[in-house]
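In case you want the letters, here they are:
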Amino acid sequence: MTTEHAAPGTTDPAVPLTVRIRGLLPDLQPAIRRVAEQILARPAEVAAMTISDLADACDTSETTVVRFCRELGVRGYPQLRLALASEMGGRSRTDAAFELSGDIAPGDDLASVVEKISYADARSVEDTAKALSITELEAVVHALIAADRCDIYGVGASSIVAADLQQKLHRIGQVAFSFPDPHQALVSAALLDERGIAIAISHSGLTADTIDSLALARANGAVTVAITNAPRSPLAREADHVLTTAARETTFRSGATGSRLAQLTVVDCLFVGVAQQTYERSLDALQVTYDAVRDRRQPTRRPQRT
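Keep in mind the model is a prediction, meaning the values are calculated, not measured.

Participant: Hey, could you go over the overall build of the chain for me, with residue numbers and the actual values?
Facilitator: In terms of regular secondary structure, the chain is built from 15 helices and 5 strands. The contacts of the chain with a sequence gap of at least 6 include a subset with a gap of at least 24, amounting to 70%. Working note: accessible area of the chain is about 15700 Å², and carbon and sulfur atoms make up 54% of it.

In structure tokens form, the structure reads like this:
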């Protein structure tokens, strides 16, 4: 089993530059992080800046800007500006306006709040689709099909996504369990072996309970998977496969919904991928489970004529 792997999406040129930068943000050193934050806050302006202007704006050196380019997998600052200008040029005026004022302000009316949240959520799903490595996704689908059981870890909001994945896999006949309780998650990880697969979900990739469970599962020989917004996070380092989301966080955490939607997008892709590869079995299981709960639904009542 490998101990090091590249972070999918962080250097892939097919992934939008700003998405790649957000994925790297939590793992960057302070000076380099200031460069990243400046680009995310003012992408169109930075595209027109010289390297000296950007270094001054970030209170750092030109060398630090070059180091940031290397972290991002870009050859140099001219290539960074070109990629940024191309990305900004492909956005509509509406997108550009939301990029600049997408955070929710105390004076926003409710209509603006709804508009900003819906925009952020939609972009989270769209950006996640672009950031998701098809190679990694395919590998996880095959690992799920081959595994005797799948244990899924996540706490807080991520536990909701873990439960959703467990329910979906269970309906098509995959043996799957989710463990929102950290102690139960550790117990499950301790009992896994090379026949199992462990999937851990954490937006930040910094949740200690989730990291510990995935690390223990890996130590026992299970295939390990991380679903996270931070592909270089401690959680990702414990994973054989990383499925990257691309959600946004804001002051009032409108991105919290976005992070769950991004995770659910990955979950749906996993579920459909497994169901597609086990087509006949999955269709039979879906029909059987539908029949099992069908009589639990109230019959539709037609309005009586008067």
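Participant: Let's hear about the packing of aromatic side chains: which residues, and what values?
Facilitator: What characterises a pair of aromatic rings is the spacing of the ring centres plus the angle enclosed by the ring planes. Scanning the model with the defined rule gives 2 aromatic pairs in all. Plain terms: the ring middles of F177 and F179 are 6.5 Å apart, the flat faces sit at 35 degrees to each other, and that makes the pair tilted. Among the residues examined, F177 registers a relative accessible area of 35% and is labelled partly exposed. One aromatic cluster is present, built from ring pairs that chain together Y153, F177 and F179.

Participant: Explain the packing of helix α11 (residues 182-191) against helix α12 (residues 208-219) residue by residue, including any values.
Facilitator: Think of two packed helices as two axes; the pair is described by the angle between the axes and how far apart they sit. At a minimum axis separation of 8 Å, α11 and α12 run at an interaxial angle of 10 degrees. Looking at the two axes, α11 sits roughly parallel to α12. Only D209, D212, S213, L216 and A217 of α12 make contact with α11, whose side of the interface consists of P182, A185, L186, A189 and A190. Its residues assigned to classes, the contact of α11 with α12 comprises 7 nonpolar, 1 polar and 2 charged.

Participant: I'd love a proper account of the pattern of salt bridges, names of residues and values included.
Facilitator: A complete count under the given rule lists 14 salt bridges for this structure. Measuring nitrogen to oxygen at the nearest pair gives 3.4 Å for the salt bridge that ties D127 to R123. Remark: R123 and D127 occur in helix α8 (residues 110-131); sequence separation between them is 4 residues, near one turn of the helix. In terms of burial, D127 and R123 fall into one category: buried. Of the charged contacts, one joins D164 and K168 as a salt bridge, the two residues approaching to 2.7 Å between their closest N and O atoms. A residue pair is termed a helical-turn pair when its members lie 3 or 4 positions apart in one helix, as D164 and K168 do in helix α10 (residues 157-171) at 4 residues. Three or more residues joined by partner-sharing salt bridges are found here, namely R22, R123 and D127.

Participant: Can you lay out the sheet that holds strand β2 (residues 176-179) for me, pointing to particular residues and giving the numbers?
Facilitator: Taking strand neighbours across the sheet as the criterion, the 5 strands line up as β2-β1-β3-β4-β5 in an open arrangement whose pairing is parallel. With partners counted over all chains shown, the strands left at the sheet margins are β2 and β5 (241-244), one partner each. Strand-to-strand twist across the sheet, computed as the mean angle between neighbouring axes with direction ignored, equals 20 degrees. Looking at chain direction, strand β3 (residues 196-201) and strand β4 (residues 223-228) are connected through 5 bridges and run parallel. Note on β4: the bridge partner recorded for I199 is V225. Helix α9 (residues 134-146) contacts β1 (149-153), β3, β4 and β5 of the sheet and is inclined by roughly 125 degrees relative to β5. Sheet strands in contact with α11 are β1 and β2, and its direction is about 150 degrees off that of β1.

Participant: Let's hear about α11: which residues, and what values?
Facilitator: Residues of α11 that are buried include every one of A185, S188 and A189, and no others. The buried residues of α11 all sit within an arc of 100 degrees when viewed along its axis, so they share a single face. Among the exposed residues of α11, those oriented more than 90 degrees off its buried face are H183 and L191. Check the buried side of α11 and you find it contacts β1, β2 and α12. N-cap assignment for α11: the residue whose side-chain oxygen lies 3.0 Å from the backbone N of H183 is D181.

Participant: Tell me about a negative patch on the surface, and please be specific about residues and values.
Facilitator: A contiguous patch of negative charge, built from D53, D56, D59 and E62, is present on the exposed surface. Judged by its relative accessible area of 39%, D53 falls in the partly exposed class.

Participant: Mind laying out the pairing of β2, listing which residues take part and the relevant values?
Facilitator: Bridging between β1 and β2 involves 4 bridges; their strand directions are parallel. What sits directly across from Y153, in β2, is F179. Assessed by its sense of winding, the connection that carries the chain from β1 through α10 to β2 is right-handed.

Each value, and the rule that gives it
- Residues numbered from 1 in each chain as written.
- Predicted model: local features only at pLDDT ≥ 70, side-chain atom pairs only at ≥ 80, totals over all residues.
- Heavy atoms only, no water.
- Helix = DSSP H or I, 4+ residues; strand = E, 2+ residues; numbered from the N terminus.
- Contact = heavy atoms within 4.5 Å.
- Areas by Shrake-Rupley, 256 points an atom, 1.4 Å probe, with all protein chains shown as cover.
- Phe/Tyr/Trp six-rings, centres within 6.5 Å; stacked < 30°, edge-to-face > 60°.
- Buried < 20%, exposed > 50% of the residue type's maximum accessible area, 1.4 Å probe, protein only.
- Axes fitted to C-alpha atoms, helices over the stretch in contact; angles between N-to-C directions.
- Parallel < 35°, antiparallel > 145°, perpendicular 65-115°, else oblique.
- Nonpolar A, V, L, I, M, F, W, Y, C, P; charged D, E, K, R; others polar.
- Salt bridge = Lys/Arg side-chain N within 4 Å of Asp/Glu carboxyl O.
- Pairing = 2+ DSSP bridges.
- Arc of directions from axis to C-beta.
- Polar contact = N/O pair within 3.5 Å; in protein donor to acceptor, adjacent residues only side chain to side chain.
- Patch = residues over 30% accessible without salt bridge, like charges linked within 9 Å, V, L, I, M, F, W, Y side chains within 5 Å.
- Lys, Arg positive; Asp, Glu negative; His and termini not counted.
- Charge placed at Lys NZ, Arg CZ, Asp CG, Glu CD.
- Right-handed = clockwise from strand over helix to strand, strands pointing away.

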